[in-house]
Each structure stands twice: as C-alpha cells, then as structure tokens.
Amino acid sequence: MSLKGKNILLGVTGGIAAYKAANLTRLLVKEGASVKVVMTPAAKQFVAPLTFATLSQNPVLTEFFNPENGEWHSHVKLGVWADAMIVAPATANTIAKMANGIADNLLTTSYLSMRGKVFVAPAMDLDMYAHPTTRQNIEALKSVGNIIIEAESGELASGLNGKGRMAEPETILKAMSDYFESDKPLQGRTVLVTAGPTYEKIDPVRFIGNYSSGKMGFALAEAAAEAGANVILVAGPTKLTTLNPLIKRVDVESAQQMLDACSQHFNDCNAAVMAAAVADYRPAVQAEQKIKKGSAPMTIALESTPDIASTLGKMKRPGQVLVGFALETENGVANAIEKLKKKNLDFVVLNNATEAGAGFNCDTNHITIIKNSGEQIDYPMKDKKLVANDIINQILLLLTPEKQ
Ligand code: C5P
C-alpha cells in the first residue's frame, strides 16, 4: 500500500544474490511501485537483463549510451524520477565506490544524482563483510543518510557459514514501505475539505449553479490523504471520483446541506479547507411544481445562503486551522485580506478567475497564499495536484504539536 505510485530505481550489482533481486522486482511491482532497473556490467553475468525488463515492464539500463538505438540514459533524469533507490545486492566494490563518490558506471553515477532516499542491501562473503574497510564504507554510507539493510547470517555461496547473505526481498520491501509509512506527517489528523459547486433549487428541474469542477478540492483531499490524514470530503455535485480509502466522501447539493455536513464534522477536525464554490444566493422560495413559461418577464427573488467558512470560523477552537479560497476578478489581494479577517481564516488562497490556467474548471492553478500574519507567498502556475501539496504543506506548518 505504502509503495503504491512510488518510483523505485533498483540497482543490481554483480553478486550471486542478483537472482534474489528478480524476486524483489516482482514484489515492488506487486506493491504498486513503478520500477526501473539499472545493472552494473558485472551484474549481467549473473542474471540476464531480460529477466528484469520482463518483471519491471521497463527497459533495463546498463550503459550511459545505447549504441543500438543511439539513446542516452540520463542519470540526472533517473535521480529526479525516483522516489527512492535500492541497491540490492550491493557488493563490497559498489559500496566502496558509493562511499567515495566514484561514478564509473550508470549505477554509481545514478546514486550520486539521487534526490530520494537510498537503501543499500549488502551481499558478500563473510570476511569481506567483516573487513574493517567494508565496515568503514558502510558507516560512511549511513552517515550521509542512506539506509543500510544489513546482511543476514547463514550459508553463503562460497560454502562458508556466516554473515553476508543479502536480506530477503520481503525484508527489503518492509524496510522500504516502513520508510514511506513514516513519511505521513498528517497521520492521526482529520482534515475537512469542501469541493465543487452547490446547486440551489429554483423548482424541481432547475437550479442556480456555477462552473466549479471540484478539481482543486478533490486534489486537496487526495494530498491530505496521501500525507496520512483521515479526510472528510464534503462534495457538491461533480463527476469526480476518489480512490484513497482515507477519504470519506459526503455528497451534498445545496449550500445548506454543505453547511450541515461541515458543522457536523468540524469539531473532530484539525484543519478544514473550504475549496467549494458555494452559491452566495439561493431562490427565496423553491417552487414545488415546474415553473411554467409565460410571456411576461420573470424575476426570481434571491436570499443569501449561509456562509460555511464564516460559520466554521466562529466555531474554531485554538489549534484548529481554517483555510479559505478567494476567487477574484479584481482587487484580489485587498478582497482576500478582507475575507481572511471576516471569516476568521488562518490563511486564504487567492486565485484569479480571469487568468488563463487558473481558477475554475482547469487542471492548473496560480495561487497566492495570504496568511493572517500578513505574510504572502506567490507560487508559479502548477498542476492542481502540486498546488494542493503546497497548501497542505502550509497547513502542516500551522499544525505544530503544541497546537493540536
Ligand atoms: O466570500 P466568498 O464567497 O468570496 O469567499 C470564498 C470562500 O468562502 C471560499 O473558501 C468558499 O468555499 C467559502 N464560502 C463558504 N460559504 C459560502 C460562500 C463562500 O464557505 N456561502
């Protein structure tokens, strides 16, 4: 579960335990990870690249340059792509190179380009493993933040008995998923998110609505759940779906229904993000029967809907974080600051309704976060999923342990 959607670079070096790396590849793929395999030249003597290519469903990378198709394998791109790298088996030779920054093949060079966590599963004969130089190299790898999955004891390929057998693929998998599990800063917290438009009934077949797609709110719900939060997603009418089991979805139609759902859950929440485009007005009277067409012009009397963000702002306890959105067509910053104060928000996310690629019904957004401390952060235009991560990160800064 915790490796679902993760990009994992598996580095295989030239040891007999390379055969176990084939099983590791299969387990990683089964856990939902995307796996790319990079092999040292010596590793190819033990297991054919075709085995890894078949299991990972990706071409195996062995050389910087593929003379057959003229393709250049960029270690830099691999370093950016991977959420984590696992070197399994890691021979004494590769460990020594990694510890000293030697970059003489695609595996060791990719290691130096890695932005994500690096795991190392050594495998070698017992004397090599116990040698002070190897121990020193392993310590050096640990000291720069790599995670060593120590070798196990047992019968070794040499026929000797001792410590040096590569950890079993299941053990390696567990170490990796434990790492990603602990990378859940919102674990144990509950986040309420509103999303989508509201529909305000005119008569049984007509309503007042708006063009909100719900994409921003759904991306926020996914981002909060990814960070480990239990999410209550109160969604207006939208075609969007959610997959993460941490998201509990409550479907509503009108502003009043959205308010009822939010008031019911807000007390149990650590944070609430009001991303819904709630109608400001609704018909004062809902016709019970379909309104008939007539020749005279017609008017619909409107009344204000309840303001959900303001209501929650009044209920807010110290330590709860409340975030609102401001979708403006003019005087953005001034209007956003006014909303922030009026609704008792901790910060407001400002986006411009007239800017191409921002606001309603598109996949990207361009936001400025304005905090009640006065601080303003301007972000570049990004995919809504990445914008959601930025917003969740700002919430995390406010959810300090003493403010829970
Ligand atoms: O006042 P305005 O509608 O521009 O404020 C926008 C913010 O307030 C958004 O976060 C929106 O979800 C929230 N809102 C609300 N209830 C309303 C109107 C807006 O929660 N009735």
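This one's a predicted model, so the numbers in the text were calculated from it and none came from an experiment. (Residues numbered from 1 in each chain as written. Predicted model: local features only at pLDDT ≥ 70, side-chain atom pairs only at ≥ 80, totals over all residues. Heavy atoms only, no water.)

## Here we look at the sheet that holds strand 6 (residues 117-122)
Here is step 1 of the chain: The parallel open sheet is built from five strands, whose spatial order is 2-1-5-6-7. On the outer flanks of this sheet lie strand 2 (34-39) and strand 7 (147-148), each paired with one strand and no other.
Here is step 2 of the chain: Of the strand pairs in this sheet, strand 6 and strand 7 are connected by two bridges, and their pairing is parallel. Bridged to Val120 within strand 7 is Ile148.
Here is step 3 of the chain: Where helix 1 (residues 18-30) meets the sheet, its contacts fall on strand 1 (7-12), strand 2 and strand 5 (84-90), and the angle it forms with strand 1 comes to roughly 175 degrees. (Pairing = 2+ DSSP bridges. Helix = DSSP H or I, 4+ residues; strand = E, 2+ residues; numbered from the N terminus. Contact = heavy atoms within 4.5 Å. Axes fitted to C-alpha atoms, helices over the stretch in contact; angles between N-to-C directions.)

## Re the site of the ligand
Here is step 1 of the chain: Contacts to the ligand come from 13 residues, most closely from Met274, Ala276, Ala309, Phe325 and Lys339.
Here is step 2 of the chain: The contact in question runs from an oxygen atom of the ligand to an N or O atom on the backbone of Ala276, over 2.7 Å.
Here is step 3 of the chain: In the model, an oxygen atom of the ligand is placed 2.9 Å from a nitrogen or oxygen of the Lys343 side chain.
Here is step 4 of the chain: Starting from 440 Å² of accessible surface for the ligand in isolation, the protein chains cover 86%.
Here is step 5 of the chain: Where the shell around the ligand is concerned, the elements lending two or more residues are helix 11 (308-315) and strand 18 (321-328).
Here is step 6 of the chain: Per-class residue counts for the shell around the ligand are seven nonpolar, two polar and four charged. (Near = heavy atom within 4 Å. Polar contact = N/O pair within 3.5 Å; in protein donor to acceptor, adjacent residues only side chain to side chain. Areas by Shrake-Rupley, 256 points an atom, 1.4 Å probe, with all protein chains shown as cover. Nonpolar A, V, L, I, M, F, W, Y, C, P; charged D, E, K, R; others polar.)

## Some details on helix 9 (residues 215-226)
Here is step 1 of the chain: Given a rise of 1.5 Å per residue, twelve residues ought to cover 16 Å, and the 16 Å separating the end C-alpha atoms of helix 9 matches this to within 8%.
Here is step 2 of the chain: Across the twelve residues of helix 9, nine count as buried, placing the element largely inside the fold.
Here is step 3 of the chain: Those residues of helix 9 that sit buried are Met216, Gly217, Phe218, Ala219, Leu220, Ala221, Ala223, Ala224 and Ala225.
Here is step 4 of the chain: Looking one or two residues past helix 9, Gly228 carries a phi angle of roughly 100 degrees, positive in sign. (Expected span 1.5 Å × (residues − 1). Buried < 20%, exposed > 50% of the residue type's maximum accessible area, 1.4 Å probe, protein only.)

## As for the domain arrangement of the protein chain
In many reports, interface size means the accessible area that the parts give up when they come together.
Here is step 1 of the chain: When cut into domains, the protein chain gives domain 1 (7-181) and domain 2 (190-403).
Here is step 2 of the chain: Summarising the inter-unit geometry, the C-alpha centres of domain 1 and domain 2 are found 45 Å apart. (Domains from an automatic or database assignment.)

## Some words on the pairing of strand 5
Here is step 1 of the chain: Judged by how many residues are buried, strand 5 sits mostly within the fold: seven of seven residues are covered.
Here is step 2 of the chain: A two-sided burial pattern is seen for strand 5, the buried positions comprising Ala84, Ile86, Ala88 and Ala90 on one face and Met85, Val87 and Pro89 on the other.
Here is step 3 of the chain: Where strand 1 and strand 5 come together, four bridges link them in parallel fashion. Each residue of the ladder has a partner; that of Gly11, found in strand 5, is Val87.
Here is step 4 of the chain: As defined by bridge partners, strand 5 adjoins strand 6 across five bridges and the pair is classed as parallel. Paired with Met85 across the bridge in strand 6 is Val118.

## Side note on unusual backbone geometry
Here is step 1 of the chain: The amide bond that connects Ala88 to the next residue, Pro89, takes the cis arrangement and shows omega of -5 degrees.
Here is step 2 of the chain: Looking at the secondary structure, you find Pro89 in strand 5.
Here is step 3 of the chain: At Gln57, a position not held by glycine, the phi torsion is positive, near 60 degrees.
Here is step 4 of the chain: Inspection of the secondary structure puts Gln57 in the loop between helix 2 (49-56) and strand 3 (65-66).
Here is step 5 of the chain: A residue is classified by how much of its surface remains accessible, and Gln57, at 63% relative accessible area, is exposed.

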